[in-house]
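# Secondary and tertiary structure notes
Each chain, written out:
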Amino acid sequence: MPQQDCLVLGGHSFTSRFILGSGKYSLDLIEAAVAKAGAQIITLALRRINQDGQANILDYIPKGVTLLPNTSGARTAAEAVRIARLAREMGCGDFVKIEVIRDSKYLLPDNAETLKATEILAKEGFIVLPYMYPDLTAARDMAQAGAAAIMPLGAPIGSNKGLSTKDFIKILIDELDLPVIIDAGIGRPSQACEAMEMGAAGIMANTAIATAGDIPAMATAFRQAIEAGRTACLAGLGPIQATGAAASSPLTGFLRDE
Amino acid sequence: MAPKSDHMTYRPDMEIIASTMLDQVLQARNAYHPEACTADQVRRALQKNHLRPEDFAALLAPAAAPLLEAMAHRSRQVTRRQFGNAIQIFTPLYLANHCENHCIYCGFNSHNPIQRARLDPGEIEAELQAIAATGLREILLLTGESRAMSDLDYIGQACRIARRHFKVVGLEVYPVNVAGYAHLHECGADYVTVFQETYNPDRYATLHLAGPKRVFPYRFYAQERAILGGMRGVGFAALLGLDDFRKDAFSAGLHAYLLQRKYPHAEIALSCPRLRPIINNDQINPKDVHEAQLLQCILAYRLFLPFANITISTREGELFRDNAIKLGASKISAGVSVGIGGHQEKAKGDEQFEIADGRSVQEVYDAILGQDLQPVMSDHVYV
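On to the overall build of chain B, then. Helix and strand counts for chain B stand at 14 helices and 11 strands. Here chain B has a C-alpha radius of gyration of 20 Å; the compact-globule value for 383 residues is 21 Å, and the two agree. In terms of overall dimensions, chain B has a C-alpha envelope of 60 × 55 × 40 Å along the principal axes. Residues classed as buried in chain B amount to 64% of the 383 residues present. Taking contacts inside chain B between residues at least 6 apart in sequence as the whole, the part at least 24 apart equals 76%. Accessible surface for chain B amounts to roughly 13800 Å². Of this, 51% is attributable to carbon and sulfur atoms. With 40 positive and 43 negative side-chain charges, chain B shows a spacing of 4 Å between the two charge centroids.

As a working rule, side chains carrying opposite charge can pair if their charged atoms are close by. Residues and elements named next belong to chain B. Per the stated rule, a full pass over the model turns up 33 salt bridges over all chains. Note that Arg52 is salt-bridged to Glu54, the shortest N-O span being 3.3 Å. For Arg52, a relative accessible area of 45% translates into the label partly exposed. With a relative accessible area of 48%, Glu54 lands in the partly exposed category. Here Arg359 and Glu318 are joined by a salt bridge, their closest N and O atoms 3.9 Å apart. Here Arg359, found in the loop between strand 10 (331-333) and helix 14 (361-370), pairs with Glu318, found in helix 13 (residues 318-327); they are 41 residues apart in sequence, far enough to count as distant. Judged by relative accessible area, Arg359 falls into the buried class, the value being 9%.

Counting from both sides, the interface comprises 29 residues of chain A and, opposite them, 36 residues of chain B. Where chain A abuts chain B, roughly 2600 Å² becomes buried across the two surfaces, and 48% of that area is made up of carbon and sulfur atoms. On the chain A side of the contact with chain B, Arg47(A), Gln54(A) and Lys105(A) bury the most area, a combined 24% of that side's loss. Connecting chain A to chain B are two salt bridges. A salt bridge links Asp379(B) to Arg48(A); the nearest nitrogen and oxygen atoms lie 2.6 Å apart.

Residues and elements named next belong to chain B. On inspection of all chains with the given rule, the structure shows 12 aromatic pairs over all chains. Note on Tyr94 and Phe108: the rings are 5.8 Å apart at their centroids and 85 degrees apart in plane angle, and the pair reads as edge-to-face. With Tyr94 in strand 1 (residues 86-96) and Phe108 in the loop between strand 2 (102-103) and helix 5 (121-132), this residue pair connects regions lying 14 residues apart in the sequence. The class for Phe108 is buried, based on a relative accessible area of 2%.

A separate point is the nonpolar core. In this structure, Leu20(A) and Leu141(B) are the most contacted members of the largest nonpolar core, which totals 197 residues. Leu141(B) has contacts with Leu93(B), Leu95(B), Leu128(B), Ala158(B), Cys159(B), Ala162(B), Val169(B), Gly170(B), Leu171(B), Glu172(B) and Val173(B), leaving out every residue within four places of it along the chain.

Residue and element names in this part refer to chain B. For strand 4 (residues 168-172), a buried count of four out of five residues is recorded, marking the element as mostly surrounded by other parts of the structure. Relative to strand 4, strand 3 (residues 138-143) runs parallel, the two sharing five bridges. By the bridge assignment for strand 4, Leu140 is matched with Gly170. The β-α-β motif built from strand 3, the intervening helix 6 (residues 152-165) and the parallel element strand 4 has right-handed crossover chirality. At this point the chain moves from strand 4, through helix 7 (residues 178-186), to the parallel strand 5 (residues 191-197), and the crossover so formed is right-handed.

Conventions adopted
Per chain, residue numbering runs from 1 following the sequence as it is written. Working convention: letters from A go to chains and numbers from 1 go to ligands, in the order in which they are written. Reporting in this predicted model follows two pLDDT cut-offs: at least 70 for local features of residues, and 80 or more for side-chain atom pairs to be given and counted; totals over whole chains, interfaces and linings ignore these cut-offs and use all residues. Values shown for side chains rest on all heavy atoms present in the structure; no hydrogens or waters enter the calculation. Strands here are runs of E lasting at least two residues and helices are runs of H or I lasting at least four, both read from the DSSP assignment and numbered beginning at the N terminus. As defined in this context, the radius of gyration uses C-alpha atoms, and a globule is described by 2.2 Å times the residue total to the power 0.38. Exposed residues in this analysis have more than 50% of their type's maximum accessible area, buried residues have under 20%, and partly exposed residues fall in between, with area computed by a 1.4 Å probe over protein chains only. Throughout, a residue-residue contact means that at least one pair of heavy atoms, one from each residue, lies within 4.5 Å. All accessible areas in this document rest on Shrake-Rupley with a 1.4 Å probe, and a residue is counted as covered only by the protein chains that are shown. Think of it this way: Lys and Arg go in the positive column, Asp and Glu in the negative one, and His and the chain ends go nowhere. Note on charges: their place is set at NZ of Lys, CZ of Arg, CG of Asp or CD of Glu. A side-chain nitrogen of Lys or Arg and a carboxyl oxygen of Asp or Glu constitute a salt bridge if their distance falls within 4 Å. Once two parts are joined, some of their accessible surface, as seen by a 1.4 Å probe, is lost; buried area is that loss totalled over both. By convention, a stacked pair of Phe, Tyr or Trp rings (six-membered ring in the case of Trp) has centres within 6.5 Å and planes under 30 degrees apart, an edge-to-face pair has planes over 60 apart, and any other such pair is tilted. As used here, the term nonpolar core means buried Ala, Val, Leu, Ile, Met, Phe, Trp, Tyr and Cys residues forming a set that is joined through side-chain atoms within 4.5 Å. Here, strands pair whenever DSSP counts at least two bridges between them. Orient the strands so they point away from the viewer; a crossover is then right-handed if the path from the first strand over the helix to the second runs clockwise.

Right, dumping it as structure tokens:
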């Protein structure tokens, strides 16, 4: 039997490479979306947890799915660290997606503070997935600080614009030994597929699914696209023919010394 | 009658911060002539992803009225992309209605013979418990402006009590200095809303006849002081109907826009209140701001500031509010009493204005669900 292709994060193996967001659609639809997405990891904002109260997101997440609480709302490393600890106390496990944002308009991440939080939380035994702007130096530092994966943004959160940062993400994929999971901006299954073909280890999507006409159907489409992209990546893409046919008089035709 | 104080001069205890934002807003307001905007400018604004102040101005103009339906479609799309289908719910608690201001349109004004009261800490606790039992997790605390009857220590104590029952504590109290906001933040509040009422200083002076509120620039810079004091976010509003509502809505939006540019981490919010009748004066009304104009303002705010929270007040009726959350508003109050107390037992003091939507928390919650939107009780964690 061929070895199974798994996404490994902090020693935990997942057969699904689709991390589903939970924040922008009706809680009643989460279960169906998870099932159709085949997702084994779901993100949730700690600020949305309303323990023992109405509309508590935790009550709607199916059992057996790994929780990936995020630190949204944090503006500094210190706040992110406190939110992560709170998540652990509330029984959300050891995974944490660090979001440190000091820009309320575009919600772009602060790499410097994210790095600090990564270092502290990794030392405390968290499985840290930093959401970051795709900067190679920052990503290397986060890897060094103990991140379990790197989560660069493809485009601003919620923009559905796809891989606006494609060239930089490709560099991260080529240069880092950690999984690179594309976190924000993926708006269509075709974009998710393209990112996976490029060698991304996984895709995190929320708005693209949440704003679809049929949420469970879009979750299915993303699952299929991510699987297709992964298979293509493993199969090895054929070379793209440069413009024009192969030259009839080869440039190296002068070589004689056999 | 004693001559009135100059409304542009700070009083000795009022902190002055280094900022040019007031001049920027007033200059832009003076240069804005709503009737000069063309339908073409409106159409172009509707095609942009990132609107500039001049686009916002066009969307508030009379020329945008025939394009209201197109604005509604675009605003709905932008709102869903930004917030998904989440709608935040909260309720206000009025702590006290003592007031030293004389603002002619407000039920709490010091010359209005109403029943005055303030809740003591035990009553605050009981009210908050009763509100928390309805399922809400966000509370907005309000007072009239009386440094004698509701001083900073009193408000701070209320914040501490509120934090025991609620995840998010917002304030709508009189403006204070940076140190005052820092104290209230320390006590557990993290959001401050101040209505400028009107951004026309001359009109402002004719409406706010006496009391500290008369000082226009001190009120204008409240949000900036709140951010400097450590607050997470700030809310803005013009009370539509006091002056040219288009210019006032433009000024309020621009004020929020400039503040966020200066403090990019700050969260911003807008409210869209219209004038309402008050006790002893049922003639107060929003004049030329009908529902169509109010909706135009909400949609223009949304398109200009996609990331801002927009709150829809109980000053509006059920039908309007339920539609506003589909098209642009992201936050709604429920189970509202605008008298002093009134959640746990009968209000002990009279109300600030008449509300138009008296639905309970559960009724509003169900109405949100009924529109395939998701009520959100908790959207922040205070750490």
